[in-house]
Amino acid sequence: MVPGGLLLGLMAALVNSPVFVQAAPSLGFYYIAVFAAGLFLAWRFHSSRILFSLLTLLLAHRAVEFFSGGRAASSPGHMAALLAAVLIPLNFIVFAFMRERGLIIAGIAPRATLLFLESVAFAVLCRPENSGGWHRSDGVNLPPWLLLFFAAPIAVCVSRFLQTRKPIEPGFAWTTAAVFLWLEFAPVGRMADAYVATAALILAASLIETSYVLAYHDELTGIRGRRAFNEALLSLDQQYAIAIVDIDHFKKFNDTYGHDTGDQVLCMVASRISKVSGGGQAFRCGGEEFAIIFREMSAKDAFEHLEGLRESIEGSVFKLRGFERRTVLRPGEGDRRRVAKKKNSAAPGPQPSDRLSVTVSVGAAEPGTRNRQPEQVIQAADQALYRAKQKGRNRVELASTAPLRLEKTRRAKASRS
């Protein structure tokens, strides 16, 4: 809903309020500023999808204004509105599935050619002799069948958002809704300028939000990344705990099953870590290493939450699909694969199987007399993690001289109660 739905809702409320008459003289500046800023941001972030979507909006709006001649109910004006209602949603769908290649010739040429052909179609079909049969006495409201053209890109964007979690997808969905309000209720005039400019503003805002997400979130797992972790360290108070989580034998997962399975393991572990109890904030610091920050909590209190996380990951077993097909040998590969199989069977870590079990090792620390700064706490947590690896992996260790067991903690709590 934010920011696209919020921006569109505010504009819809404004154009239907008495205040709109007073704000109308400023719409020209708003219109020019939004499109100029949006085109600049699309160029700066090398987003051909946003750039040509903004150009589509701009050209379609100018075409409807031109062929209407100030009278939206005229035959050329109504034809232009119908063409815009068909071509703008179709362009959004086409741009969504075209490969993003930045602002290079290979990325620009197909989109520019599409806009050129559509401009020719506008020029031919909106001539008075060609659009006379499309005159409507009841105004320029869109026919019901055109709703399908607006529903299609919204469905595509929602589906892509569920897959990628990128804010740019709901931005296109709300932009499509803004285009519908423009062509349905105000094809020409000040209200049209307001709706079209708001559609462009939604696209620009979604581009900024997507860039923020990519900068502060890990693209593979979806949780916050290293930059977000570094900024979170700056806001820590005196009492906190930091845990470093590392996947056991992760390199062997990649060597045995391939990098695609390794990515699945990372996503599964990240999903479990993001749901850690105790209010912990999860981050992916790089590779197979994750970090968790527990604010206003000691390492001793965080131990139980980390132990529960370790058990949750250990109990997560998923079946590999098509395992037998992936292990079929290619000609000349038998000897090498048999040698590799012997090495894998002798080495610790995951062995080839259609079921995969994952474990993690965890080291946790808190600030103390020797570890006052967050960087020092992280080093202490790393040392505790190394100790967990040395003791056999799949365990939680605290940065203290004596290891703490969950059973002892529970007994102590029971005795106090």
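Peer 1: Describe helix α8 (residues 147–164), and please don't skip the residues or the numbers.
Peer 2: Under the 1.5 Å per step criterion, the end-to-end length of α8 is 26 Å for 18 residues, consistent within 8% with the ideal 26 Å. Considered for burial, the residues of α8 that qualify are F150, P153, V156 and C157. Around the axis of α8, the buried residues are gathered within 130 degrees of arc, so they sit on the same side. Exposed side chains of α8 directed beyond 90 degrees from the buried face belong to L148, L162 and Q163. The secondary structure elements touched by the buried residues of α8 are α4 (48–68), α5 (75–97) and α9 (168–185). Positioned one or two residues after α8, R165 has a phi angle of 60 degrees, which is positive.

Peer 1: Mind laying out the pairing of strand β3 (residues 289–295), listing which residues take part and the relevant values?
Peer 2: Among the 7 residues of β3, 5 are classified as buried, and the element is accordingly described as predominantly covered. By the bridge criterion, 5 bridges tie strand β2 (residues 281–286) to β3 in an arrangement that is antiparallel. Bridging from a neighbouring strand, Q281 pairs with I293 of β3. Here β2 hands over to β3 after 2 residues, with G287 in that stretch at a positive phi of 60 degrees.

Peer 1: Outline the packing of helix α1 (residues 4–15) against helix α10 (residues 190–216), listing residues and values.
Peer 2: Working note: a packed helix pair is described by the angle between its axes plus the distance between those axes. Taken N-terminus to C-terminus, the directions of α1 and α10 make an angle of 165 degrees; their axes are 9 Å apart at the nearest point. Of the possible angle classes, the one that applies to α1 and α10 is roughly antiparallel. Crossing of α1 over α10 shows right-handed handedness. Taken together, the residues of α10 that come into contact with α1 (itself represented by G4, L7, L8, M11, A12 and V15) are M191, A194, Y195, T198, L201, I202 and A205. Here the contact of α1 with α10 is built from residues that sort into 11 nonpolar, 2 polar and no charged.

Peer 1: Give me the lowdown on helix α11 (residues 226–234), citing residues and values where you can.
Peer 2: Every buried residue of α11 is accounted for by A228, F229, A232 and L233. Buried residues of α11, viewed axially, fall in a sector of 145 degrees; they line one side. Looking at the buried positions of α11, the neighbouring elements they touch are α10, β1 (240–247), β2, β3 and α17 (374–390).

Peer 1: Mind laying out the pattern of salt bridges, listing which residues take part and the relevant values?
Peer 2: Pairing between side chains becomes possible if they bear opposite charge and their charged atoms approach one another. Tallied over the entire structure, the rule returns 13 salt bridges. One salt bridge connects D248 with K389, and the closest N-O pair in it is separated by 2.9 Å. Placement of D248 in the loop between β1 and α12 (250–257) and of K389 in helix α17 is noted, with a sequence separation of 141 residues between them. Using a relative accessible area of 2% as the deciding quantity, one classes D248 as buried. Of the charged contacts, one joins E314 and R310 as a salt bridge, the two residues approaching to 3.1 Å between their closest N and O atoms. Within this pair, E314 and its partner R310 are both found in helix α14 (residues 299–314), separated by 4 residues, close to a single helical turn. Exposure remark for E314: the relative accessible area of 33% places this residue in the partly exposed category.

Peer 1: Provide a residue-level description of the confidence of the model for the chain, including the pertinent values.
Peer 2: Confidence along the chain averages 84 in pLDDT terms, with 83% of residues attaining 70 or more. Counted against residues more than four places away or in other chains, residues 323–346, with its pLDDT under 50, gives 12 contacts. In this model residues 401–417 is a low-confidence stretch, pLDDT under 50, and it forms 14 contacts with partners more than four residues away in sequence or in other chains.

Peer 1: Can you break down the sheet that holds β2 residue by residue, with the values?
Peer 2: Pairing within the open sheet is mixed, and its 5 strands lie in the order β2-β3-β1-β6-β7. The outermost strands of the open sheet, each flanked by one partner alone, are β2 and β7 (396–398). On average, each strand axis in the sheet is inclined to that of its neighbour by 20 degrees, with strand direction left out of account.

Peer 1: Talk me through unusual backbone geometry; I want residue IDs and the actual numbers.
Peer 2: Looking along the chain, the bond that leaves V2 and enters P3 is cis, with omega of 5 degrees. Examined against the element boundaries, P3 turns out to sit in the segment before α1. Positive phi is not limited to glycine here, since H249 has a value of about 55 degrees. Relative to the helices and strands, H249 resides in the loop between β1 and α12. Of note in this structure, N394 is not a glycine but carries a positive phi near 55 degrees. Mapped onto the secondary structure, N394 falls in the loop between α17 and β7.

Peer 1: Quick rundown of the packing of aromatic side chains? Include the residues and the values.
Peer 2: The full count for this structure, using the stated rule, is 9 aromatic pairs. When the centroid spacing of 5.3 Å and the interplanar angle of 80 degrees are considered together, the rings of F92 and F172 count as edge-to-face. Taken together, the residues F92 in helix α5 and F172 in helix α9 connect sequence positions 80 residues apart. Using a relative accessible area of 0% as the deciding quantity, one classes F172 as buried. Directly above the aromatic system of F97 lies the positively charged group of R160, at a separation of 5.8 Å from the ring centroid. When the ring centre of Y216 is taken as reference, the NZ or CZ atom of R227 above it lies at 5.8 Å.

Cut-off values and rules
- Residues numbered from 1 in each chain as written.
- Predicted model: local features only at pLDDT ≥ 70, side-chain atom pairs only at ≥ 80, totals over all residues.
- Heavy atoms only, no water.
- Helix = DSSP H or I, 4+ residues; strand = E, 2+ residues; numbered from the N terminus.
- Expected span 1.5 Å × (residues − 1).
- Buried < 20%, exposed > 50% of the residue type's maximum accessible area, 1.4 Å probe, protein only.
- Arc of directions from axis to C-beta.
- Contact = heavy atoms within 4.5 Å.
- Pairing = 2+ DSSP bridges.
- Axes fitted to C-alpha atoms, helices over the stretch in contact; angles between N-to-C directions.
- Parallel < 35°, antiparallel > 145°, perpendicular 65-115°, else oblique.
- Left-handed = near helix turned anticlockwise from the far one by under 90°.
- Nonpolar A, V, L, I, M, F, W, Y, C, P; charged D, E, K, R; others polar.
- Salt bridge = Lys/Arg side-chain N within 4 Å of Asp/Glu carboxyl O.
- pLDDT = per-residue confidence, 0-100.
- Phe/Tyr/Trp six-rings, centres within 6.5 Å; stacked < 30°, edge-to-face > 60°.
- Lys NZ or Arg CZ within 6 Å of the ring centre and 35° of its normal.

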